[in-house]
Amino acid sequence: ADYALYFAKHHNKSEPVFFSQEHERLVFENSAIEQGLRHADLEKEMSVEFQPVLDLHAGHTSGLEALARWYSPTLGNVRPDRFIQIAENTGIIGRLSEVLFRKAVTEACQWPGKLTLSFNLSAVSLNTPGAVSRLLSIARRAGFPLSRLVFEITESAVLKDFETALEVLEEIKTAGARIAIDDFGTGFSSLAYVHRLPIDALKVDRSFVRDVVHNEKSANVLRSILDLCENMSLSCVVEGVETQEQFDLISDLGAGQIQGFYYSKPLSGGDTHMVLQIEFHDQLMSLAS
Ligand code: C2E
Ligand code: MG
Ligand code: MG
Ligand code: MG
């Protein structure tokens, strides 16, 4: 209450109130997104892009993460961090995930080698029994090996209903697929639960990478997370590597895998196919010589 009084007293009346304008704009946009989603032809308007993950020890792409893309005829391109949450709140996420997953798996069936497909699991899917079973049967029906499938989950999704989430995670493991914690380090209790979950990998949030070059503390945190992974036999993907400087520093820290614009931006299905053909073709050629 004291703060409210402070702001009321000191607010300069000639200046626009950014907060309420921004808030109004968001409410308006959210309802437009919600309407757009409700009327969307998901099969037509939704697509997936794929962002390669570089394995630093192997020196090649080890897998790709599927990222949702929505082109709405009324709204244009809408970013997933805007529409996924609204799809969750409106109950559209179940059907949406199935559409996205089917598209992702269909593409991944065309990829060479042992490349993995990572798919972001929404909080709702993680807390709705049956949702993951349906995704797993989509993969089985498409003939994509479940051992090459990685589900990315976030800490907050797990903590919503720990017991249900744990059951779903066990189901994933029993099916032979893998689990990665996404945006690791941004939650509040990362260390408190990480050993209680049947996980295979951590994906370090890109906020640690952003200032790693100029901030020794970020480098220390990164080093600690890499040690944690080493000690717990978890794979570790460092996300959001954009520059040569960041890349050099992160390789020096001993990171096993990186993902980010430095290596590749997310690619359309067609471009992914082409890039993988070239990458794995060259590798075969150099092995032969
Ligand atoms: P995420 O799973 O952490 O995905 C990584 C995001 O970081 C992607 O944004 C990617 O384009 C972006 N990114 C990758 N490398 C870099 C980099 O070097 N620099 C910067 N600045 N950004 C980079 P995108 O595609 O906008 O996705 C945002 C989030 O939306 C994802 O974060 C994920 O939480 C969610 N999302 C995306 N697709 C799906 C989906 O199919 N299902 C669900 N449930 N969530 C999804
Ligand atoms: Mg992800
Ligand atoms: Mg992430
Ligand atoms: Mg994220």
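Residues numbered from 1 in each chain as written. Chains lettered and ligands numbered in written order. Predicted model: local features only at pLDDT ≥ 70, side-chain atom pairs only at ≥ 80, totals over all residues. Heavy atoms only, no water.

**Regarding the coordination of the magnesium ion (ligand 3)**
For the magnesium ion (ligand 3), the full set of protein donor atoms is D182 (OD), D183 (OD), E239 (OE) and E239 (OE), and the range of their distances to it is 2.1 to 2.7 Å. The motif formed by the donor residues of the magnesium ion (ligand 3), counted along the single chain, is D-D-x55-E. The two metals, the magnesium ion (ligand 3) and the magnesium ion (ligand 2), are separated by 4.0 Å and share D182 as a common coordinating residue. Residue D182 is located in strand β6 (residues 178-184), and its partner E239 is located in strand β8 (residues 235-239); the two are separated by 57 residues in the primary sequence. (Donors = N, O, S within 2.8 Å, 3.2 Å for Na, K, Ca; no water. Helix = DSSP H or I, 4+ residues; strand = E, 2+ residues; numbered from the N terminus.)

**Comments concerning the confidence of the model for the protein chain**
Per-residue confidence for the protein chain gives a mean pLDDT of 90, with 90% of residues at or over 70. Scored below 50 in pLDDT, residues 1-10 shows zero contacts in the model against residues more than four places distant or in partner chains. Model confidence for the complex: the whole-complex pTM is 0.91, and ipTM, which rates the interface, is 0.97. (pLDDT = per-residue confidence, 0-100. Contact = heavy atoms within 4.5 Å.)

**Regarding the environment of I225**
Checked against the element boundaries, I225 lands in helix α12 (residues 216-231). Each C-alpha atom of the pair I225 and V204 lies 7.9 Å from the other, and the pair is 21 residues apart in sequence. Discounting residues that sit within four places of it in the chain, I225 has contacts with F184, L202, V204 and F208.

**Notes on the side chain of D205**
Mapped onto the elements, D205 comes out in the loop between β7 (201-204) and α11 (206-210). At 5.7 Å, R210 is the nearest oppositely charged side chain to D205, a buried residue that forms no salt bridge. Reaching out from D205, the side chain makes a polar contact with the side chain of S207 at a distance of 2.8 Å. In this structure D205 touches D183, F184, T186 and E239, once residues within four positions along its chain are discounted. (Buried < 20%, exposed > 50% of the residue type's maximum accessible area, 1.4 Å probe, protein only. Lys, Arg positive; Asp, Glu negative; His and termini not counted. Salt bridge = Lys/Arg side-chain N within 4 Å of Asp/Glu carboxyl O. Polar contact = N/O pair within 3.5 Å; in protein donor to acceptor, adjacent residues only side chain to side chain.)

**Describing the layout of surface pockets**
Space inside the second largest pocket adds up to approximately 260 Å³. If you go around the second largest pocket, you meet 16 residues; those closest to its centre are T116, V150, R178, V237 and Q257. Looking at the lining of the second largest pocket, the elements that each hand over two or more residues are β2 (60-72), β4 (116-120), β5 (149-154), β6, β7 and β8. A total of three residues in the lining of the second largest pocket trace back to one element, the largest contributor, which is β2. Of the residues belonging to the lining of the second largest pocket, the class tally is six nonpolar, six polar and four charged. (1 Å grid on protein atoms, 1.4 Å probe; cavity = no way out; pocket = protein on both sides within 12 Å on 5 of 7 lines; lining within 4 Å. Points joined across faces, edges and corners; volume = space filled by probe spheres on them. Nonpolar A, V, L, I, M, F, W, Y, C, P; charged D, E, K, R; others polar.)

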